Amino acid sequence: MDGEKPQETLWAETPLIYSSHISDLLGCSAYLKLENLQPSQSFKYRGISLLVQLSKAKYGPSVHILAASSGNAGLAAAAVARRLGIKCTIYLPFSTRQATQMRLREEGADVVAVGQIYADTVLAMREAAKVDPNAVIVPSYEHPVLWEGHSSMVKEMENQLSERPDAILCSVGGGGLIGGLLLGCKAVGWNDVPIIALETHGSNCFYQANALNTQGFTSRSRIFPPEIPDDPPYTVEFNSEHAVAVPHLRALHSRALSLGATYASPEVVRMALDHPAGVRCVCIADELAMRSAQLLADDHKMLVELACATTMSAAYNYEIFWRLLDPESALSPEEKRKKKVVFVVCGGINISYDELTNYTDVLEEAAIREHSWRIVCNGTEFHVSKSCNARRLVNVPDQVGQ
């Protein structure tokens, strides 16, 4: 977007804290980047605040911000619009929880509930923008200005750490957060820092995009267009501008609603494929994210939604973490102790105390059905026993399956 960069940014410089709990569990130095402390309680405030500031500077105080969101992007847009004194309308599906709608209205946003799925809200928003000369659409994750704003967290990490980390771990949906991390790593010279991107099995458009463009993670040479596997769970869009194939998932099957993008940004997919240190794409079960949310609340007294807890699943399981960081098992215990990693606690509002406590029933049922967690990383599947987590919040029956 054209326009002079704002002299003052609105996002907060968030703490990067050393976690003794997680460091002791993993046998290395683990840090948490606390994006849940942004004004709207998620990292999205960074990029969206920058985009809204630029929009007001370009179009003036009569600008009307429109966003389609069932949660975090909408709240970020509403909070920024309120601070800048401009109009904001949020479009969301009928199914969006009442607490979220109330929170948006508390921030001064007009709320329009329409349609059953996110795509319906986007369509309604675009139709409204056509007849409003002051309207500016703020996307949830697919815009270079968003990534630029999100990249500021890496610059903060550089100042907060004494040396570069050995890996950055984050959750991923459509690619907004990881797009910012990739831009930020490039800006500070961290091209040799790998990024481990986690999502759930039932909402894994980013994993599918990376798999499709690397022939199932088997080839580093990029063939465009790639060969499409038989009977995939998606349709495919070929993006010639960035020379990538973009899968569009036909359906989502995850409780991690904030990861619920049906496709990843083509430009971010290209950035991930080109990152020199590589991006490791990981899929986990919803229930593992639930377990991690409970453990983080217990250790650090922080309530986070499942999209955020997806990242922390690697923090609370020694075997999973080292399978992701050291897949060849090449590191000695002493070498492991010298490693330093950052977990991006991306935040989010789609959680409540009651919901967190209700996870226990879901976990107990899952423990009866299966003895182990299924993890997929860059095309390799492995299973980890549910009994080897940091602490057992549910009882895994000794006689399961016998």
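I will try to describe carefully the structure that is included in this document.

Cut-offs applied
- Residues numbered from 1 in each chain as written.
- Predicted model: local features only at pLDDT ≥ 70, side-chain atom pairs only at ≥ 80, totals over all residues.
- Heavy atoms only, no water.
- Salt bridge = Lys/Arg side-chain N within 4 Å of Asp/Glu carboxyl O.
- Helix = DSSP H or I, 4+ residues; strand = E, 2+ residues; numbered from the N terminus.
- Buried < 20%, exposed > 50% of the residue type's maximum accessible area, 1.4 Å probe, protein only.
- Pairing = 2+ DSSP bridges.
- Axes fitted to C-alpha atoms, helices over the stretch in contact; angles between N-to-C directions.
- Contact = heavy atoms within 4.5 Å.
- Right-handed = clockwise from strand over helix to strand, strands pointing away.

Before going further, it helps to examine the pattern of salt bridges. Summed over all chains, the structure comprises 13 salt bridges. Put simply, Lys-130 and Glu-127 hold a salt bridge, and the shortest N to O gap is 3.0 Å. Here the residue Lys-130 and the residue Glu-127 both occupy positions in helix H5 (residues 118–130), the gap between them amounting to 3 residues, near one helical turn. Note that Asp-274 and Arg-270 form a salt bridge whose closest N and O atoms lie 3.0 Å from each other. On the criterion of helical spacing, the pair formed by Asp-274 and Arg-270 is a turn pair, its members being 4 residues apart in helix H10 (residues 266–274). Overall, Arg-270 belongs to the buried group, its relative accessible area being 15%.

A sheet is described by the order of its strands in space; here 4 strands give the open sequence S5-S4-S3-S6, paired in parallel fashion. The outermost strands of the open sheet, each flanked by one partner alone, are strand S5 (110–113) and strand S6 (135–137). Between one strand and the next, the sheet's axes are offset by a mean angle of 25°, whatever the strand orientation. Against the sheet, H5 contacts strand S3 (64–68), strand S4 (87–92) and S6, and its axis sits at roughly 160° relative to S3.

Counted residue by residue, S3 has 5 buried out of 5 residues, so it is predominantly covered. Where burial is concerned, the two faces of S3 agree: the one with His-64, Leu-66 and Ala-68 and the one with Ile-65 and Ala-67 are both buried. As paired elements, S3 and S4 share 5 bridges and run parallel to each other. Residue Leu-66 lies in a different strand from S4, and its bridge partner there is Thr-89. What joins S3 to S4 is helix H3 (residues 72–84), and the crossover it makes is right-handed.

With respect to the secondary-structure elements, Arg-222 resides in the loop between helix H9 (205–212) and strand S9 (234–239). Assessed through its relative accessible area of 30%, Arg-222 is described here as partly exposed. The spacing of Arg-222 and Val-244 is 22 residues in sequence and 8.7 Å in space, taken between C-alpha atoms. Excluding residues that lie within four positions of it along the chain, Arg-222 makes contacts with Asn-213, Thr-214, Arg-270 and Leu-273.

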